Amino acid sequence: AAEIAKPTLYRYFPTKEALVDRVYDEVFVRKWDPLWEEWLSDSSKSLGERLKRYLKDYAQYILRSDWIRIFISAGLTRQGINQRYIARLREHHFKVIAREMRKEYGIPEPLDEDELEDEIELIWSMHSGVFYIGMRKWVYALTVPKNLDRVIDLRVDAFLLGAPQVLKQAREASRNRKATPAKRTAALADSGVDSA
């Protein structure tokens, strides 16, 4: 499509892998803003303010035709780009958001990987809603909201009104389930009954 002869292309990129790696670097890595993680970690502002600032800026980065189309195409033809990008997103954004949400809302620390995954999954649901706006526009050719900032504000508010409370309730229920056998054993011991 770019009208570049294969011999010319292979002079610069000896393998298809090298070409794909360069595309990944140019489209996904070079435009990644390290400020996003700083904004998300800045506890001098409420988590809501931080998430809104981050997602509005992040939306400008991903809601472009080239970004969306390359990301979708890479997912269908070569998993490496998507897996690398999502791993980066998870480590540098999702885990930071989870940590800050625990701090601000008094959510108990996860006791195991399953509890951490609960947090990440809820964050995914909020975050992917922004990405899906780009899908609607550039893949499905559907209309999208004119005021993107307002939509992001609503998504963040809805997330923070629900996710922290849901996580606190889930953690409390989990800890009660785990504590119940120990409490029962202690009660039996106090009463002098052999638990066996």
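Quick caveat: nothing in here was measured; it's all calculated off a predicted structure.

Peer 1: Would you mind going over the pattern of salt bridges in detail, with residue names and values included?
Peer 2: Once the charged atoms of two side chains with opposite charge are near each other, the side chains can pair. Counting across every chain of the model gives 17 salt bridges. Between Glu104 and Arg50 there is a salt bridge, and its shortest N-O distance comes to 3.2 Å. One end of the pair, Glu104, is in helix H6 (residues 79–105); the other, Arg50, is in helix H4 (residues 47–62), with 54 residues separating them in the sequence. Look at Arg50 and you get buried, because its relative accessible area is 3%.

Peer 1: So what about the nonpolar core? Which residues, and what values?
Peer 2: Core analysis: the largest hydrophobic core is formed by 46 residues, its most contacted members being Phe28, Leu51, Tyr61, Trp67 and Tyr85. Secondary-structure elements contributing two or more residues to this core are helix H2 (16–29), helix H3 (35–41), H4, helix H5 (65–77), H6, helix H7 (113–138) and helix H8 (148–191). With residues near it in sequence (within four places) discarded, Tyr61 still touches Val27, Phe28, Lys31, Trp32, Trp36, Trp67 and Tyr85.

What counts, and at which threshold
- Residues numbered from 1 in each chain as written.
- Predicted model: local features only at pLDDT ≥ 70, side-chain atom pairs only at ≥ 80, totals over all residues.
- Heavy atoms only, no water.
- Salt bridge = Lys/Arg side-chain N within 4 Å of Asp/Glu carboxyl O.
- Helix = DSSP H or I, 4+ residues; strand = E, 2+ residues; numbered from the N terminus.
- Buried < 20%, exposed > 50% of the residue type's maximum accessible area, 1.4 Å probe, protein only.
- Core = buried A, V, L, I, M, F, W, Y, C linked by side-chain atoms within 4.5 Å.
- Contact = heavy atoms within 4.5 Å.

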